[in-house]
Amino acid sequence: MLKGLRRGIEKESLRVRPDGTLALTPHPRPLGSALKHAHITTDFSEALIELITSVHASAGACLAQLKRIHQFVYRHIGDEVLWGASMPCSLPDEDSIPIARYGDSNIGRAKTVYRIGLSHRYGKRMQMIAGLHYNFSLPDAAWPLPGYRDANEAYFALIRNFRRHAWLLLYLFGASPAVCSSFVEGRKHALQELAPGTLHLPHATSLRMGRLGYLSETQDSLAVSYNSLESYTASLEGALTKPYPPYEAIGIREGRVAGDGVDSYRQLATSLLQIENEFYSAIRPKRVIRPGERPLHALRERGVEYVEVRAMDLDPFSPVGIGAGTMRFLDVFLLHCLLSDSPPDTQAELEAVGRNKLHAASRGREPGLRLERNREKVKLREWGAQVLAECEPIAAALDAAADGRSWHRDALAAAVGAVQDPASLPSARILSEMQQSYGSSYAHFALARSLEHRSALQSEPLPPEAEARFARAAEESIRKQQEIEAADRVDFETYRRKYLSHESLRV
């Protein structure tokens, strides 16, 4: 079973100019259709590229494919650079940030209108943060797992424990302790100036996962239960269907703009969540969806297929945003979440989990920091050491399945050392390098690292067969987009209403 673990990566990066300013060019055509390419798409903005691996049985194979995708992208973006850090480069004014476009099909228009809605709800700058999603699943042969009725029950037990201990990932791998001041222009914040143009918090690990990042005060009111597939989908259905007064005030359409184009729309819906993807959680239960299907419907009909870990910052010390050791640690950590006792969550615990995450993100390296556990305060380092000690037999079992190599035990040992030595953490190393070599400038540090990554990726040859395969995939994706556009039979407003109907969520 351990040999059959499956993982995949979705990695976002901003395209920037060689001087570190945001690239305002459209998604390059040689990279194919962002709507239909399996490995190269865009997220919120035309400038926010997303690179997606296939599902792999080993960390090494997954990373090798991720590197190949990077190499192909670099062959087709001219002198532009992939920003190697999670917090954005120097950003232009909001009006100049280009929202992603996906063509003239109804599904393509819906994706753009959804992003227009995000810009009205949260502002464009917040949407320019980049992260790395780690998708993880057990092989089909694992089910039923002893102690669980089915895969749904097991994956939700994993999710509950992940949320309880996600602060440890922010502490160990958080890599966004500083930001460019343009990111918070016009917003209230508690950041301190490190140098002109750079703001930080001295003990922060992941500003991306804190109050300034992918956290929504609006969504704080969402009481989502992770105790079962039924409770989870029921709580999300309410957020997807009930009108939310502040978003009703935004409205669906712009009365002054004529026609049925995307620019006449302000958002997809007036509910608290337009669609499922708007729910900002550190981990999500997922299922591959069919064309036109809602994710919630897929979960209800066919159950959880994998979990999507969304708590990972880009590693600015890695050319592809993550290293093999981090992936192997994640495998150990996720199995620990699955195999440990996982009692039902309560509203009080969910609130404590949220506070722990915020404290780890903004103050994780603070000496003596305490977190909440079972209504008591416990030192972060003590709790972290306990969790990692419990991971030891899992790492040993994974190594035994990997033909006796010590990869997972090495990754775990590195984490144990980092808990005891905060100066070795990525967040501390970033601040140290910024101060020693880049005049305490976040923008200068991140650009220098990004340029190094580009040189490293371009210095290695891309095999001709890989280049040809990616080129074929790009052309094929453009053809598929054209077919979808030609096949539409209803106007966009009719499509929107049907897609967002209550019936589309139910089995």
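Cut-offs applied
Residues numbered from 1 in each chain as written. Predicted model: local features only at pLDDT ≥ 70, side-chain atom pairs only at ≥ 80, totals over all residues. Heavy atoms only, no water. Pairing = 2+ DSSP bridges. Helix = DSSP H or I, 4+ residues; strand = E, 2+ residues; numbered from the N terminus. Axes fitted to C-alpha atoms, helices over the stretch in contact; angles between N-to-C directions. Contact = heavy atoms within 4.5 Å. Core = buried A, V, L, I, M, F, W, Y, C linked by side-chain atoms within 4.5 Å. Buried < 20%, exposed > 50% of the residue type's maximum accessible area, 1.4 Å probe, protein only. Salt bridge = Lys/Arg side-chain N within 4 Å of Asp/Glu carboxyl O. Expected span 1.5 Å × (residues − 1). Arc of directions from axis to C-beta.

S.K.: For this particular structure, what's the right way to read the sheet that holds strand β8 (residues 198–200)?
M.R.: Hydrogen bonding along the main chain pairs the strands of a sheet, whether they run parallel or antiparallel. With respect to topology, three strands assemble into an open sheet ordered β6-β8-β7, the strand pairing being antiparallel. In the strand order of this sheet, the two ends are held by β6 (178–180) and β7 (192–195), each with one partner. For this sheet the average axis-to-axis angle between neighbouring strands, irrespective of direction, equals 40°. Where helix α12 (residues 426–437) meets the sheet, its contacts fall on β6, β7 and β8, and the angle it forms with β7 comes to roughly 45°.

S.K.: Please clarify how the nonpolar core should be interpreted in this entry.
M.R.: As a rule of thumb, nonpolar side chains are buried together in soluble globular proteins. L138, L158, F162, L172 and F329 are the most contacted members of the largest nonpolar core, which totals 157 residues. The greatest single-element share of this core, amounting to 16 residues, is contributed by helix α3 (residues 151–173). Not counting residues within four places of it along the chain, the set of residues in contact with L158 comprises F136, I283, V307, L334, C337 and L338.

S.K.: Got a minute to help me understand the pattern of salt bridges in this structure?
M.R.: By the definition in use, this model includes 36 salt bridges. Ionic pairing is found between D79 and R17, a salt bridge with its closest N-O pair at 2.8 Å. One end of the pair, D79, is in the loop between α1 (59–74) and β4 (81–82); the other, R17, is in the loop between β1 (6–16) and β2 (40–42), and 62 residues separate them in sequence. For R17, a relative accessible area of 29% translates into the label partly exposed. In this structure, E237 engages R300 in a salt bridge whose closest nitrogen and oxygen atoms are separated by 2.7 Å. With a gap of 63 residues between them, E237 in helix α4 (residues 229–241) and R300 in helix α6 (residues 295–302) connect regions that are remote in the sequence. Residue E237 is classed as buried on the basis of its relative accessible area, which comes to 10%. Residues participating in the shared-partner salt-bridge network are R284, K286, E308 and R310.

S.K.: In this structure, what is going on with helix α11 (residues 407–420)? I would like to understand it.
M.R.: In an α-helix, one turn spans 3.6 residues; hence positions three or four apart end up facing the same way. Between its first and last C-alpha atoms α11 spans 21 Å; for 14 residues at 1.5 Å apiece the expected length is 20 Å, and the two agree. Where α11 is concerned, the buried positions are H408, A411, L412, A415, A418 and V419. Projected down its long axis, α11 shows its buried positions confined to an angular sector of 120°, all on one face. Among the exposed residues of α11, those oriented more than 90 degrees off its buried face are A414 and Q420.

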